[in-house]
Amino acid sequence: MMDKFWKSFVAQVNKLANYFWQRDPIAQMQLEYDSAVSQLKDGRTGLEQYRALVERVTRQVAANERECERLTAQVKALLKAGDRDNAGKYAIELKRAQQEQEENRSQLKLHETSYENNVRKIKFASDRLAQVRQKIQKYDAE
């Protein structure tokens, strides 16, 4: 019984809020505008953060590639010289460097995806801002 009473009370409050909300379309448009501006700020902040991460991980991937090339050349040279023990040690280091390189590549892919998502977020917020501005101008013209 109390549940039904509560639901009907909430419905009446919702009706009242909707009535006042429809009375002031400028306030509703201003709320949309503020929301879009907030999304734009968040997107720009995220863009800066992920751009730095992408750059850092890109440098790590490049360093790993150079290290793998160096170790591969070292292993080949030692095998040609017949030094199998040292070649084995370098082969183990090469395997570790390759695993690290794969981890860095997967991180790079993840950060690039996040960066692209923030770019999309900024574009979406910019489009919403433009739409709300047009609505406000149209409403002011009427």
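Just so it is clear, the structure is predicted and the values come from calculations on it, not from any experiment.

Student: Looking at this model, I keep getting lost on the overall build of the protein. Mind explaining?
Tutor: Check the secondary structure of the protein and you find 3 helices and 0 strands. In sequence order, the protein lays out its α and β elements as α-α-α. Since a compact globule built from 142 residues should have a radius of gyration of about 14 Å, the 29 Å found for the protein marks it as more spread out than a globular shape. Taken over the C-alpha atoms alone, the protein extends approximately 90 × 50 × 15 Å along its principal axes. By the burial criterion, 20% of the 142 residues in the protein qualify as buried. Contacts in the protein between residues at least 24 apart in sequence constitute 83% of all its contacts with a sequence separation of at least 6. Approximately 10900 Å² of the protein is accessible, and the part contributed by carbon and sulfur atoms is 54%. Side chains of the protein give 26 positive and 21 negative charges; the mean places of these two sets differ by 3 Å.

Student: Explanation requested: the packing of aromatic side chains in the structure shown.
Tutor: For any two aromatic rings, the description comes down to two numbers: the centre-to-centre distance and the angle of the planes. Per the counting criterion, the structure on display carries 0 aromatic pairs. Here Arg51 stacks its cationic end above the ring of Tyr115, 4.8 Å away from the centre of that ring.

Student: I would appreciate a short explanation of the environment of Glu65 in the present structure.
Tutor: You can see Glu65 is positioned in helix α2 (residues 25-81). The exposure class assigned to Glu65 is partly exposed, which follows from its relative accessible area of 32%. At 3.0 Å, the side chain of Glu65 forms a polar contact with the side chain of Arg105.

Student: What's the story with the confidence of the model for the protein in this structure? I'm lost.
Tutor: Low-pLDDT portions of the prediction should not be read for the details of their coordinates. Chain-level pLDDT for the protein is 84 on average; 91% of the residues reach the 70-or-more range. The spread of mean pLDDT over the elements of the protein runs between helix α1 (residues 2-23), the lowest at 72, and helix α3 (residues 84-141), the highest at 88.

Student: What am I meant to see in the pattern of salt bridges here?
Tutor: Pairs may arise between side chains of opposite charge once their charged atoms sit close together. Inspection of the entire model under this criterion finds 6 salt bridges. Note that Glu32 is salt-bridged to Lys135, the shortest N-O span being 3.6 Å. Taken as a pair, Glu32 in helix α2 and Lys135 in helix α3 lie far apart in primary sequence, 103 residues in all. Note that Glu65 and Arg105 form a salt bridge whose closest N and O atoms lie 3.0 Å from each other. Of this pair, Glu65 sits in helix α2 while Arg105 sits in helix α3; the two residues are 40 residues apart in sequence, bridging distant segments of the chain.

Here is what the cut-offs are and how they apply
Residues numbered from 1 in each chain as written. Predicted model: local features only at pLDDT ≥ 70, side-chain atom pairs only at ≥ 80, totals over all residues. Heavy atoms only, no water. Helix = DSSP H or I, 4+ residues; strand = E, 2+ residues; numbered from the N terminus. Rg over C-alpha atoms; globule rule 2.2 N^0.38 Å. Buried < 20%, exposed > 50% of the residue type's maximum accessible area, 1.4 Å probe, protein only. Contact = heavy atoms within 4.5 Å. Areas by Shrake-Rupley, 256 points an atom, 1.4 Å probe, with all protein chains shown as cover. Lys, Arg positive; Asp, Glu negative; His and termini not counted. Charge placed at Lys NZ, Arg CZ, Asp CG, Glu CD. Phe/Tyr/Trp six-rings, centres within 6.5 Å; stacked < 30°, edge-to-face > 60°. Lys NZ or Arg CZ within 6 Å of the ring centre and 35° of its normal. Polar contact = N/O pair within 3.5 Å; in protein donor to acceptor, adjacent residues only side chain to side chain. pLDDT = per-residue confidence, 0-100. Salt bridge = Lys/Arg side-chain N within 4 Å of Asp/Glu carboxyl O.

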